[in-house]
Amino acid sequence: MAESTEALDQLERELGVRWEALRTARATTERILEELRGNLEDLQDPNCSVIVTGSLGRGEASRDSDADWVLLVDGPTDTGHTRLAREIGRKIHEVVPKEPGATGTFGDIVVSHDLVHYIAGTRDSNINFTRRMLLLAESRAISNPLVRERVIRNVLARYVLHDRAVTSTTTKGRFNTIPYFLLNEVVRYWRTVATDYASKKWERADKGWATRNIKLRFSRKLVFTWGLIASLTAKLFETPTLEHAETEEEHLILLSELIREQTDVSPLELLARVAQQPGVELDTAGRIFGAYDRFIAALSDPDFRRRLESVKFDEAADDQTYESVRGASNDFREGINALFFDQHAELRTLIRRFGVF
Amino acid sequence: MRPVGFSTGALAKGDYRRGLELQRALPRARAVELSALRDHELQPLLDGLGELDLGGLDYVSVHAPSKLGSLSERETFERLAALPEAWPIIVHPCIVHSFAMWRELGPRLCLENMDNRKTTGRNAAELRVLFEQLPEATFCLDVGHARQIDPTMALALLMLHEHGSRLRQLHVSDVGPRGEHQPVRALARWAFARVARLVPESCPLIIESVVPPDRLEPEIEAVLEAFGPMGSGAPGLDASAPPAP
C-alpha cells in the first residue's frame with residue numbers, strides 16, 4: 001500500500017504549486033518497492049521481515065538510489081537466516097544495483113532483541129541506535145509487515161510504557177503525554193548523525209563529504225523533525241483513544257500505539273500535517289517543501305550527484321553545484337525554524353518546554 | 001470465579017466426545033467450546049448432539065470450521081444454523097463471504113479476531129468493517145492472536161474499547177509464530193492481565209492451549225491468574241523492569 005500524501009497534496013493545492021521532484025520520487029519508490037516485493041516472494045519467513053530505510057523508506061528514491069535494507073528477525077534463531085539474508089541481498093541487487101553504504105549498518109541480519117533490550121546504556125551501539133531510530137522514522141517492510149509492526153511496538157513499549165514520568169498521576173485524563181525517553185533519544189539521534197558527519201569526514205579524508213553534508217542539511221534534519229513531532233503526538237493531534245484509558249498502564253499502551261501509527265507516516269507527510277495546523281503561514285510551508293523538492297530534484301540527477309561527490313571542501317564556497325543545494329538547505333532550515341519556534345501555536349511552547357532543557 | 005473451560009479441539013482435536021470426557025474430570029471447568037475446526041467434523045457433531053452429556057456446564061459454544069473444503073459456505077451455514085439457539089457459533093471472518101446469509105444468525109454469530117496468517121479481522125479497524133456488515137454479531141476475543149501480532153496488547157485494548165459491548169467469550173492460549181496454540185506461561189499471563197479489567201466477570205474463558213491431560217488443571221490456574229477476578233494477576237507496571245543489581 002502506498003503511503004498517504006494527503007497533507008502534502010493539500011498544501012500543493014493551497015499554494016498552487018506542484019512539487020514535481022517529490023511526486024516523481026514517490027512514484028519511483030513505489031515502483032521499486034513493488035518490484036522488490038515481487039522478487040522476494042519466495043523468501044518469506046513468518047519470523048522475518050525485510051525492511052528498507054533511507055530514501056526508499058522515506059519515499060524519496062530515484063533509480064540511482066541504493067537500497068538500505070536489513071533482514072529483521074523477531075523469533076527463534078536459525079542458521080538458515082544467513083543464507084536467507086544472502087539470497088535476499090542477491091534478489092535486491094537485481095532490482096537496485098547500487099550497493100548500500102560502507103558502514104555495515106545495512107544488508108545484514110538485525111535481531112529484534114538488540115533493538116528492544118539494548119536501548120541507551122552500555123550495551124547500545126551506534127549501529128544499533130541508528131537501526132532503531134531509522135526503523136521508527138523511515139522504514140517500510142518489503143515482506144511480512146506485521147513483524148516490523150511488532151518490533152516497533154516493542155521498541156516503543158520500552159520508550160513509553162516502561163518509562164513512566166515521576167509526575168504521573170493516578171487521575172484519569174491527567175496522565176503524562178510526553179514520552180521523555182523517546183524524546184531524548186530523538187534529540188540524541190540528531191546530534192549523533194551530526195557528529196558522525198564530522199567523524200566520517202575525518203576518517204575518509206573528505207571523500208564524499210559534500211553529499212553527506214547536504215543529506216545532513218535535508219533528509220537527516222527531516223528525520224529529526226519526524227522524531228520531535230512523533231514524540232509530541234498526543235499534544236499535536238487528536239487522540240480520542242486516550243480518553244478510554246482508566247489506568248496509567250492503559251494510557252501508556254494507547255499513547256505508545258498512537259506514536260506507532262506515526263511510524264507508518266513518511267517524515268515529509270508528518271511535517272506537512274503539522275504545517276497545516278493553526279498559526280503556520282502558508283508561505284512557510286511553501287518554503288520548507290519547495291526547498292526539499294529542490295534537494296530531491298538535485299539528488300535524482302545522476303550528473304549532479306557525480307559533481308557533488310567531487311566537490312573539494314576548501315572550494316565548496318565557490319562551487320555552484322554545492323552552493324545551489326546549500327542555498328536550498330538554508331531555506332529549508334529557515335522554514336523549519338519559523339514553523340517550530342515562531343508560528344505554530346503549540347510547538348513553540350512545547351519545544352521551549354521539552355526540547356532542550 | 002470466571003466461567004472457564006477448554007476447547008474440545010485443544011483437548012482431543014476432532015474427537016469432541018473425548019474432549020468432553022477429559023474436561024469432565026476438571027471440577028472448575030464449567031464452560032466448553034465444541035470444536036469442528038475441519039469441515040468434515042461438523043456433521044458428526046450435529047449427529048451426536050442428542051447423546052451429548054453436557055451436565056454441569058454453564059456455557060457451551062461451537063467453533064465453526066476454519067477452512068472450507070468439502071462443504072460450501074451455504075452448507076456450512078445451514079449446518080451451523082441447526083445447532084441449539086443458545087450456543088454461540090465462533091466463526092473466523094475468512095469463511096464469511098455472503099454477509100446477508102450470515103446476518104440471519106443474529107447474535108449467535110460470534111466473530112473471532114485473527115492471527116498474523118490472515119489478512120482480515122486482526123484489529124479493531126478490520127473488525128469494524130465486518131461488524132458493519134454483521135451488526136448483530138458478537139465477538140470472541142482471542143487474546144493469543146492479539147498478542148502474537150502485538151505483544152504490548154494495545155491492539156487488544158483497542159478491540160475491547162471499540163467492540164467490547166459485543167464480547168461473548170475469550171479464546172486463551174499463547175500463540176506461536178505459525179499459529180500454534182501453546183500453554184499460557186509468564187509472559188503471556190502478564191500481557192493478558194493488561195486487558196483483564198475490560199473483560200466482564202461473566203465472560204467465559206475458553207482455553208485453547210494444547211497441553212497433556214496432567215497439565216489441564218495448572219493451565220486453568222494460569223489462565224485464572226491472568227484474568228480473574230478482574231485481572232488480579234496483573235503484575236503492575238514495574239514488574240517488567242529488570243531486577244535490581
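Our subject is the structure that appears above.
Residue indices follow the written sequence of each chain, beginning from 1 at its first position. Starting at A for chains and at 1 for ligands, labels are handed out in the order in which the entities are written. Local features in this predicted model are restricted to residues whose pLDDT is 70 or higher, and side-chain atom pairs enter the listing and the counts only when it is 80 or higher, whereas totals over whole chains, interfaces and linings include all residues. Side-chain figures throughout are based on the complete set of non-hydrogen atoms in the structure, without hydrogens or water.

Counted as salt bridges are all cases of a side-chain nitrogen of Lys or Arg within 4 Å of a carboxyl oxygen of Asp or Glu. Here the structure, examined in full by the defined rule, presents 44 salt bridges over all chains. The shortest N-O distance in the salt bridge between glutamate 21 of chain B and arginine 18 of chain B comes to 3.2 Å. Taken together, the residues span about one helical turn, with glutamate 21 of chain B and arginine 18 of chain B both in helix H2 (residues 16-24) at a distance of three residues. Arginine 18 of chain B sits in the partly exposed class, given a relative accessible area of 36%. When salt bridges with common partners are traced through the structure, they connect Arg148, Glu149, Arg153, Glu257, Arg260 and Asp264 of chain A together with Asp150 of chain B into a single cluster. Secondary structure elements are taken from DSSP: a helix is a run of H or I of four residues or more, a strand is a run of E of two residues or more, and numbering for both begins at the N terminus. Note on classification: 1.4 Å probe, protein chains only; a residue is buried when its accessible area is under 20% of the maximum for its type, exposed when over 50%, partly exposed between these limits.

So, on to the packing of aromatic side chains. All names here are of chain A. For Phe, Tyr and Trp, rings pair up if their centres lie within 6.5 Å, where Trp contributes its six-membered ring, and each pair is then called stacked (planes under 30 degrees apart), edge-to-face (over 60) or tilted (otherwise). Scanning the model with the defined rule gives 15 aromatic pairs over all chains in all. Centre to centre, the rings of phenylalanine 129 and tyrosine 189 are 5.8 Å apart; their planes meet at 80°, and the pair counts as edge-to-face. Within this pair, whereas phenylalanine 129 is found in helix H6 (residues 126-138), its partner tyrosine 189 is found in helix H8 (residues 180-203), the two being separated by 60 residues in sequence. For phenylalanine 129, a relative accessible area of 2% translates into the label buried. Look at phenylalanine 218 and phenylalanine 332: their rings are 5.3 Å apart centre to centre, the planes differ by 35°, and that puts the pair in the tilted class. Within this pair, whereas phenylalanine 218 is found in helix H9 (residues 209-231), its partner phenylalanine 332 is found in helix H15 (residues 320-343), the two being separated by 114 residues in sequence. Accessibility classification places phenylalanine 218 together with phenylalanine 332 in one group, the buried group. By the ring-pair criterion, three or more aromatic residues cluster together here, those being Phe218, Tyr292, Phe295 and Phe332. Only lysine NZ and arginine CZ atoms are considered, and such an atom sits over a ring when it is within 6 Å of the ring centre and within 35 degrees of the ring normal. Over the ring of phenylalanine 129 we find arginine 188, and its NZ or CZ is 3.7 Å from the ring centre.

Turning to H15 of chain A, a few remarks are in order. Since the α-helix packs 3.6 residues into each turn, any two residues three or four apart lie on the same face. Residue and element names in this part refer to chain A. Taking 1.5 Å as the rise per residue, H15 with 24 residues should run 34 Å; its terminal C-alpha atoms sit 32 Å apart, in good agreement. Along H15, the residues that are buried comprise Thr321, Tyr322, Val325, Ala328, Ser329, Phe332, Gly335, Ile336, Ala338, Leu339, Phe340 and Gln343. Check the buried side of H15 and you find it contacts H9, helix H12 (267-275), helix H13 (282-299), helix H14 (302-309) and helix H16 (347-355). In the analysis that follows, any N or O atom pair within 3.5 Å is treated as a polar contact, provided that within protein one partner can donate a hydrogen and the other can accept it, and provided that, for residues neighboring in sequence, both atoms belong to side chains. The residue sitting at the N-terminus of H15 and contributing the capping side-chain oxygen is aspartate 319; that oxygen lies 2.9 Å from the backbone nitrogen of threonine 321. A helix's residues, less one, multiplied by 1.5 Å, set its expected span. The contact rule is simple, with two residues in contact once any of their heavy atoms fall within 4.5 Å.

In this section: the environment of alanine 194 of chain A. Residue and element names in this part refer to chain A. Position of alanine 194 among the secondary structure elements: in helix H8. Overall, alanine 194 belongs to the partly exposed group, its relative accessible area being 25%. Separated by 22 residues in the primary sequence, alanine 194 and leucine 216 place their C-alpha atoms 6.9 Å from one another.

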